[in-house]
Amino acid sequence: MLRYLPGLLLLLWQLLLLPPPAVPGPLDRPGFLRLGTRGPGGNPGRRPAPAAPTGTPYSGAGQHDGARGAGVCKSMPLDLVFIIDSSRSVRPLEFTKVKTFVSRVIDTLDIGPADTRVAVVNYASTVKIEFHLQTHSDKQSLKQAVARITPLSTGTMSGLAIQTAMDEAFTVEAGARGPASNIPKVAIIVTDGRPQDQVNEVAARAQASGIELYAVGVDRADMESLKMMASEPLDEHVFYVETYGVIEKLSSRFQETFCALDPCALGTHQCQHVCVSDGEGKHHCECSQGYSLNADKKTCSVIDKCALNTHGCEHICVNDRTGSYHCECYEGYTLNEDRKTCSAQDQCALGTHGCQHICVNDRAGSHHCECYEGYTLNEDKKTCSVRNQCALGSHGCQHICVNDGAASYHCDCYTGYTLNEDKKTCSAIAEARRLISTEDACACEATLAFQDKVSSYLHRLNTKHILSGSAIILIPQYDFLIQNLYMYKTSQLINGV
């Protein structure tokens, strides 16, 4: 009765959907990862995804089917060879699960000639290379080729499969990239049985040649053989699943393994301005235009482009707060459409010169002020003051205009005239009138006396003005005076006055 107890317990667990009691066994030893039991988070055996930075998308191992956080996880370039067991122990439906697992891993990778290249080696008692690394360069054709693979159905020659992969799949002729490319060479072997040949020595040679080996065991797989085939450390290179029904879930684990987290997308880069992804989880910082990267390779400082003399401004370069600059022109110039060169303004035509009288353009794009004739330019170089108002002819003097300085004058009269109260017009002086009224106008003696007095007076005046250099101007005036005096005297005689 006791020998049927384990079977009864298993039946009760299936009915009640309770987890079976944990029984220590060979699979609980350290050195490999076991899937198929539920972890603390409820996901089958998955490592809990690390917490993402606040507000930043995270591509964790909990995603599969190629669903990765956009830009967060970018797979590193690989030369990847799948070595899959298709021996008789692998049933057709289970082999389909293996192919689904391979396709899902392909979905998580960046496929292309410059990215990851994939080959598949199918083995049982014989080995067949289904396609080489250089055969397919896109995901669609790769997955279609994987779907066409059929099982070989006999034996489990794992060592021979590894040797074939090393000799034929990981060669430059087959599409592998040489040592100078620094592209990792990775093989994932999937098996559910015990190898029927020696694997430890061939696996050691493969690892020595630079191939990184991952071993995935299913169901009845021999764990010691998996550990002999896998690279160190074993807890990162050996995986176990209890059934083919959960093997496809390992794709997310390999996604995490082959993923180069992008610090730029994660927001952990600490770049002050711009983060640039370099691939394989690497990045560098750059600065916005007008800034330069500081010695810490993360923060930025404003560049004084005006001081660098690379601005191209013809006249004046002005730094802006944003780290950029703009050009300006000297007074009298305007900025051209290219925003760098300048053209002279015609300030006289613009009417902005401020000159009181005349504006004169200079060749240098500037101008100067001048004054009309008879005016002088003041110290402000714009306004004008009268220099000689007598010369302007606007003085209003009846006889003579006399300059008194830079901007003043006074009027004077010819000899024999006196200036009136308006300080501009002139009247004949009283002495001339007295010559007429001092004697009896009816007597001949008076007339002769009048003539003598006038002649004597005129002679004195004429002598006086000849000495002063103005006789030519004044003598005609005396002739005019004499004529008037004679006419006045004659009229008195006629009228009997």
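The structure displayed is predicted, hence computed values, not measured ones.

Our focus in this paragraph is the environment of cysteine 348. Here cysteine 348 shows up in helix 11 (residues 347-350). Linking cysteine 348 and histidine 367, residues 19 residues apart in sequence, is a C-alpha distance of 7.3 Å. The residues contacting cysteine 348, other than those within four sequence positions of it, are His353, Cys359, Val360, Asn361 and His367.

A word on the pairing of strand 6 (residues 185-191). For strand 6, the tally of buried residues reaches 7 of 7 residues, placing the bulk of the element in the interior. Because side chains alternate across strand 6, one face comprises the buried residues Lys185, Ala187, Ile189 and Thr191, and the other comprises Val186, Ile188 and Val190, equally buried. As judged from the 6 bridges shared by strand 3 (residues 79-85) and strand 6, these two strands associate in the parallel manner. Within strand 6, the residue paired with valine 81 across the bridge is alanine 187. Note that strand 6 and strand 7 (residues 211-218) share 7 bridges and pair parallel. From the neighbouring strand, valine 190 faces strand 7, where its bridge partner is valine 216. Crossover connection from strand 6 via helix 5 (residues 200-208) to parallel strand 7: handedness right-handed.

This next bit is on the state of the cysteines. Tallying each qualifying case throughout the model produces 11 disulfides. In this model cysteine 348 forms its disulfide with cysteine 359; the gap between the sulfur atoms is 1.9 Å. On the S-S bond that ties cysteine 348 to cysteine 359, the torsion sits near -70 degrees, and the link is left-handed. Here cysteine 359 lies in strand 18 (residues 358-361) and cysteine 348 lies in helix 11, a separation of 11 residues in the sequence. Neither residue differs from the other here; cysteine 348 and cysteine 359 are each classed as buried. There is a disulfide in this structure between cysteine 355 and cysteine 369, and the S-S distance comes to 1.8 Å. Taking the torsion about the sulfur-sulfur bond, which here is approximately -75 degrees, the covalent link between cysteine 355 and cysteine 369 counts as left-handed. With cysteine 355 in the loop between helix 11 and strand 18 and cysteine 369 in strand 19 (residues 367-370), this pair connects stretches of sequence that are 14 residues apart. Here cysteine 369 falls in the buried class, since its relative accessible area comes to 7%.

This part is about the packing of helix 2 (residues 92-107) against helix 3 (residues 139-147). Contact geometry for helix 2 and helix 3: axes closest at 9 Å, N-to-C directions at 170 degrees. Relative to helix 3, helix 2 is oriented roughly antiparallel. Where helix 2 approaches helix 3, its residues Lys99, Val102, Ser103, Ile106 and Asp107 are matched on the opposing element by Lys139, Leu142, Lys143, Val146 and Ala147.

All right, on to the pattern of salt bridges then. This structure, assessed with the given rule, holds 9 salt bridges. Aspartate 107 is the partner of lysine 143 in a salt bridge, and the nearest nitrogen-oxygen pair spans 3.1 Å. Taken together, the residues span a long stretch of sequence, with lysine 143 in helix 3 and aspartate 107 in helix 2 at a distance of 36 residues. Overall, lysine 143 belongs to the partly exposed group, its relative accessible area being 30%. Classification of aspartate 107 by relative accessible area gives buried; the value is 17%.

We now examine the confidence of the model for the protein. Mean pLDDT for the protein: 77, with 71% of residues reaching 70 or above. In the predicted structure, residues 1-71 sits below a pLDDT of 50 and forms 101 contacts with residues beyond four places in sequence or in another chain. Throughout residues 467-476 the model reports pLDDT below 50, and contacts reaching past four residues in sequence, or to other chains, amount to 9 contacts.

Here is what the cut-offs are and how they apply
- Residues numbered from 1 in each chain as written.
- Predicted model: local features only at pLDDT ≥ 70, side-chain atom pairs only at ≥ 80, totals over all residues.
- Heavy atoms only, no water.
- Helix = DSSP H or I, 4+ residues; strand = E, 2+ residues; numbered from the N terminus.
- Contact = heavy atoms within 4.5 Å.
- Buried < 20%, exposed > 50% of the residue type's maximum accessible area, 1.4 Å probe, protein only.
- Pairing = 2+ DSSP bridges.
- Right-handed = clockwise from strand over helix to strand, strands pointing away.
- Disulfide = S-S within 2.5 Å.
- Axes fitted to C-alpha atoms, helices over the stretch in contact; angles between N-to-C directions.
- Parallel < 35°, antiparallel > 145°, perpendicular 65-115°, else oblique.
- Salt bridge = Lys/Arg side-chain N within 4 Å of Asp/Glu carboxyl O.
- pLDDT = per-residue confidence, 0-100.

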